[in-house]
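# Inside the fold
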2 protein chains.
Amino acid sequence: MQKADGMHYAPTGKAGAVVRPGEFSFAAVGLEHGHIYGMTNGLLEAGAALKWVYDPDPAKVADYRKKYPQARAAESEEQILSDPAVKLVAAAAIPCDRAALGIRVMESGKDYFTDKTPLTTLAQLDAVKAACARTGRRYFVYFSERLHVECAVLAGQLIKEGRIGRVLQVIGMGPHRLGPPDKRPDWFYRRAQYGGILCDIGSHQIEQILYYTAAEDAKIVSSQIANHNHPDYPELDDFGDVTLAGNNGTSGYFRVDWFTPDGLSNWGDGRTFILGTDGYIELRKYLNVGVSTEGDHLFLVDHKGEQYIPAAGKVGFPFFGEMIRDCIDRTETAMTQAHIFKAAELCVRAQMEAKRIEPWEVPAK
Amino acid sequence: MQKADGMHYAPTGKAGAVVRPGEFSFAAVGLEHGHIYGMTNGLLEAGAALKWVYDPDPAKVADYRKKYPQARAAESEEQILSDPAVKLVAAAAIPCDRAALGIRVMESGKDYFTDKTPLTTLAQLDAVKAACARTGRRYFVYFSERLHVECAVLAGQLIKEGRIGRVLQVIGMGPHRLGPPDKRPDWFYRRAQYGGILCDIGSHQIEQILYYTAAEDAKIVSSQIANHNHPDYPELDDFGDVTLAGNNGTSGYFRVDWFTPDGLSNWGDGRTFILGTDGYIELRKYLNVGVSTEGDHLFLVDHKGEQYIPAAGKVGFPFFGEMIRDCIDRTETAMTQAHIFKAAELCVRAQMEAKRIEPWEVPAK
């Protein structure tokens with residue numbers, strides 16, 4: 001597992017096939033973000049068969065096939081979309097292109113599984129909603145910072161068991177390492193392509209807040225962005241934060257940033273704090289800072305005491321198998337389409353409504 | 001040290017007398033909040049002499065004198081205010097009465113040291129500012145969650161040394177234990193008296209954000225309060241949060257609440273996260289949850305690596321000695337009056353402008 005850089009964080013976990021060998025085939029299309037490796041791992045571990053890969057860049061295809069030699073290199077996207085054996089297309093396109101690709105996939109009669117962020121504009125959201133309604137196909141999203149983190153999965157289970165009472169608020173911190181700026185693709189620095197920090201890495205946080213609070217909808221109470229320290233990349237937001245108010249009386253706050261220092265043993269000290277009426281949970285997702293470079297630390301405090309639960313190896317990643325079953329059975333176990341669309345909408349709105357943090361003059365007395 | 005209840009948290013620390021014995025006398029007036037014990041400890045350790053104590057409730061005076069027998073019980077506040085030997089009056093009155101008491105103290109020619117929150121209305125703030133200007137006396141505040149916490153003091157020193165570069169943002173969490181609700185005084189549940197959660201325990205957080213970000217002024221971007229789970233006490237805010245934008249382009253967010261679960265080994269898992277351009281600091285102030293019941297844990301990450309610094313016993317509490325010297329030398333080393341007034345103003349404004357968090361109906365599609 002690559003720890004230095006979140007873009008190449010591709011966890012592997014417990015295998016738990018939900019289909020017979022060859023029963024459910026998928027293809028990978030669009031290899032712009034390293035998350036495609038985590039998405040592929042999750043699908044393979046749940047028993048799916050990887051049939052094809054396609055990207056316009058042959059170098060990306062070659063790299064992918066080194067890891068997954070079973071994937072045949074398709075000559076075109078169309079070759080994959082016209083293959084009736086393919087049930088699901090997994091894709092990590094440039095964020096602004098994810099919706100259009102998804103619509104083409106769904107129009108071809110297949111389900112779609114995109115890297116987060118799901119999309120970058122409200123017009124794209126409307127088009128995706130219409131395409132889902134028209135085709136009956138699903139638009140799944142890889143919200144890896146919850147779905148592919150065992151302590152985050154365990155937190156959801158503990159909350160459902162009522163271990164911290166009624167959830168009141170979620171605070172999330174999603175710091176990320178930028179790394180050498182010139183190793184990033186051009187689109188990473190173009191707002192119209194990557195969508196802005198709140199839309200991009202903020203999407204993980206918004207999805208988590210909706211999930212843990214069980215809010216069906218939320219209002220953006222405040223959202224802010226900044227470019228604090230990257231003047232050479234004026235369209236990069238290196239900082240952002242958002243406060244959300246859920247329709248069920250819950251609330252959420254998160255901060256995302258690109259300031260992970262070089263000395264951190266991992267790409268980001270991602271944290272989640274979930275406050276309930278009868279306890280709270282803290283997640284230290286990718287390391288226990290100053291103590292351990294291993295991830296998946298869950299701290300649970302309730303009326304009985306304090307508990308430290310190392311969650312690695314405990315619960316696996318049930319999302320992938322559930323998603324495959326949802327594709328086959330046309331159920332909504334892994335994640336409802338309404339939840340995904342609401343998260344997508346709030347990411348875009350948070351970014352659209354964001355105030356820019358800037359110094360201001362203190363008024364004279 | 002009482003760990004179960006923040007109201008009775010009264011740390012003791014390294015002694016470091018800044019005056020000769022008997023050179024600087026103070027009195028304690030107003031024993032409504034247990035913080036008066038921490039305030040007294042800090043002053044005594046810095047070499048001040050405790051001459052008098054007064055409270056209208058003889059039981060509170062008797063308790064205080066058990067701990068500090070050197071304090072003579074005054075018959076009235078006036079007896080203390082008219083004693084020219086007393087240079088400073090330390091007080092933990094009911095929050096709404098703190099300003100009026102402070103003005104009487106300053107009018108008597110003495111400096112004033114009040115428990116946080118400094119005051120509860122903008123009218124009180126104006127009156128206090130006028131009294132300071134008229135008398136030349138000082139209005140100090142016991143922001144204990146920074147001034148009387150060694151890891152918080154150390155964080156300030158590390159930031160001044162430039163260890164995390166330029167500070168960009170501070171996140172604070174100030175959970176508190178309510179304890180048996182009927183053990184709290186009546187004023188604790190009356191908004192007009194305690195000032196609301198953002199004004200009361202939020203004042204610690206606002207002061208910290210101003211201090212660590214070095215902002216001279218800040219705007220309230222959003223502020224929220226709730227009574228999530230205490231219907232028997234309708235004027236209690238059991239939850240609140242605030243986002244601040246500093247005039248120097250920094251920002252801050254904090255959450256305060258009364259939901260510390262019974263099982264926590266301390267009254268609250270207070271945290272501070274300070275993000276800089278070149279590193280970050282996390283404080284676990286009163287315990288290391290699931291690991292240690294001892295306090296003062298500082299985690300520093302910079303470009304060189306991750307460091308865990310146990311801060312207990314490292315730096316002491318320089319505030320008290322500096323405050324005494326400020327009183328004698330008429331300097332502003334401990335804390336400027338402008339900083340205190342700005343924190344006070346923002347506490348009151350955050351509370352005044354707070355939106356109430358409540359469930360809402362999701363609009364029909």
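Keep in mind the model is a prediction, meaning the values are calculated, not measured.

Rules of the game
- Residues numbered from 1 in each chain as written.
- Chains lettered and ligands numbered in written order.
- Predicted model: local features only at pLDDT ≥ 70, side-chain atom pairs only at ≥ 80, totals over all residues.
- Heavy atoms only, no water.
- Helix = DSSP H or I, 4+ residues; strand = E, 2+ residues; numbered from the N terminus.
- Rg over C-alpha atoms; globule rule 2.2 N^0.38 Å.
- Buried < 20%, exposed > 50% of the residue type's maximum accessible area, 1.4 Å probe, protein only.
- Contact = heavy atoms within 4.5 Å.
- 1 Å grid on protein atoms, 1.4 Å probe; cavity = no way out; pocket = protein on both sides within 12 Å on 5 of 7 lines; lining within 4 Å.
- Points joined across faces, edges and corners; volume = space filled by probe spheres on them.
- Nonpolar A, V, L, I, M, F, W, Y, C, P; charged D, E, K, R; others polar.
- Pairing = 2+ DSSP bridges.
- Axes fitted to C-alpha atoms, helices over the stretch in contact; angles between N-to-C directions.
- Least-squares fit on C-alpha atoms with pLDDT ≥ 70 in both.
- Buried area = accessible area lost by both parts, 1.4 Å probe.
- Polar contact = N/O pair within 3.5 Å; in protein donor to acceptor, adjacent residues only side chain to side chain.
- Phe/Tyr/Trp six-rings, centres within 6.5 Å; stacked < 30°, edge-to-face > 60°.
- Lys NZ or Arg CZ within 6 Å of the ring centre and 35° of its normal.
- Parallel < 35°, antiparallel > 145°, perpendicular 65-115°, else oblique.
- Left-handed = near helix turned anticlockwise from the far one by under 90°.

## Looking at the overall build of chain A
- If you tally the helices and strands in chain A, you get 11 helices and 15 strands.
- Rg of the C-alpha trace for chain A: 20 Å, near the compact-globule value of 21 Å for 365 residues, within the 12% margin.
- Seen along its three principal axes, the alpha-carbon backbone of chain A occupies a region of about 70 × 50 × 40 Å.
- Within the span of chain A, comprising 365 residues, buried residues form 64% of the whole.
- The contacts of chain A with a sequence gap of at least 6 include a subset with a gap of at least 24, amounting to 71%.

## Overview of the layout of surface pockets
All names here are of chain A.
- Reported here for the largest pocket is a volume of approximately 800 Å³.
- Lining the largest pocket are 34 residues; nearest its centre among them are Arg146, Lys160, Tyr211, Met335 and His339.
- Among the residues making up the lining of the largest pocket, the classes are represented as 16 nonpolar, eight polar and 10 charged.

## Some words on the sheet that holds strand β7 (residues 167-175) of chain B
Residue and element names in this part refer to chain B.
- The strand order across the open sheet built from nine strands is β14-β13-β12-β11-β7-β10-β9-β8-β15, with neighbouring strands paired in mixed fashion. Every interior strand has two partners, whereas the edge strands, β14 (306-310) and β15 (355-356), have only one.
- Sheet topology note: the strand β13 (residues 297-302)/β14 ladder contains five bridges and is antiparallel. Bridged to Val301 within β14 is Glu306.
- Of the strands in this sheet, β7, β11 (271-276), β12 (279-284), β13 and β14 are in contact with helix α7 (residues 150-160), which crosses β12 at around 170°.
- This element, helix α9 (residues 202-213), spans β7, β8 (218-226), β9 (239-246), β10 (251-257), β11 and β12 of the sheet and lies at about 160° to β10.

## A closer look at the relation of the copies chain B and chain A
- Once turned by 180° and shifted 0.0 Å along the axis, chain B lies on chain A with an RMSD of 0.0 Å. The superposition operator between the copies reduces to a two-fold rotation axis. No C-alpha of chain B lies nearer the rotation axis than that of B:Ser222, which sits 3.2 Å from it.
- Of all interface residues in chain B, 100% are interface residues in chain A too; the two copies therefore contact each other through one and the same surface.

## Overview of the interface of chain B and chain A
- Of the residues lining the interface, 63 residues belong to chain B; the matching set on chain A comes to 63 residues.
- Roughly 5200 Å² of surface becomes buried between chain B and chain A when both sides are summed, with 59% attributable to carbon and sulfur atoms.
- Ranking the residues of chain B by area buried against chain A places B:Pro261, B:Glu306 and B:Trp360 at the top, with a combined share of 13%.
- On the surface where chain B and chain A come into contact, there are 26 residue pairs in polar contact (both at pLDDT 80 or more).
- Among the residues forming the side of chain B that touches chain A, the class breakdown is 25 nonpolar, 21 polar and 17 charged.

## Things to note about unusual backbone geometry
- Omega for the peptide link from A:Lys116 to A:Thr117 comes to -15°, which places this bond in the cis form.
- By the secondary structure assignment, A:Thr117 is in the loop between β5 (111-115) and α5 (122-135).
- Even without glycine at this site, B:Ala214 takes up a positive phi of about 60°.
- Among the structural elements, B:Ala214 can be located in the loop between α9 and β8.

## Some thoughts on the packing of aromatic side chains
- A full pass over the atoms with the stated rule returns 34 aromatic pairs over all chains.
- Ring geometry for A:Phe188 and A:Tyr189: centres 5.0 Å apart, planes at 85°, overall edge-to-face. This pair shows no difference in class: A:Phe188 is buried, exactly as A:Tyr189 is.
- A ring pair is formed by B:Tyr64 and B:Tyr68, whose centres lie 4.8 Å apart and whose planes are at 50°; its orientation type is tilted.
- For B:Tyr64, a relative accessible area of 0% puts it in the buried group.
- Chaining the aromatic ring pairs together yields one cluster made of A:Phe188, A:Tyr189, A:Tyr194, A:Tyr233 and A:Trp258.
- Above the plane of the ring of A:Phe299 lies A:Arg284, whose end atom (NZ or CZ) is 3.9 Å from the centre.

## Some thoughts on the environment of B:Glu77
- Mapped onto the elements, B:Glu77 comes out in helix α3 (residues 77-81).
- When neighbours within four sequence positions are excluded, B:Glu77 is seen to be in contact with B:Val29, B:Tyr54, B:Leu101 and B:Arg104.

## A short note on the packing of α9(B) against helix α11 (residues 337-352) of chain B
Residues and elements named next belong to chain B.
- Following both chains from N to C, one finds α9 and α11 inclined at 130°, their axes separated by 9 Å at the closest point. Viewed along their axes, α9 and α11 adopt a mutual orientation that is oblique. For the element pair α9 and α11, the recorded crossing hand is right-handed. The segment α9 lies against α11, with Ser203, Ile206, Glu207, Leu210 and Tyr211 engaging His339, Lys342, Ala343, Leu346, Cys347 and Ala350.
- Looking at the contact of α9 with α11, its residues break down into seven nonpolar, two polar and two charged.

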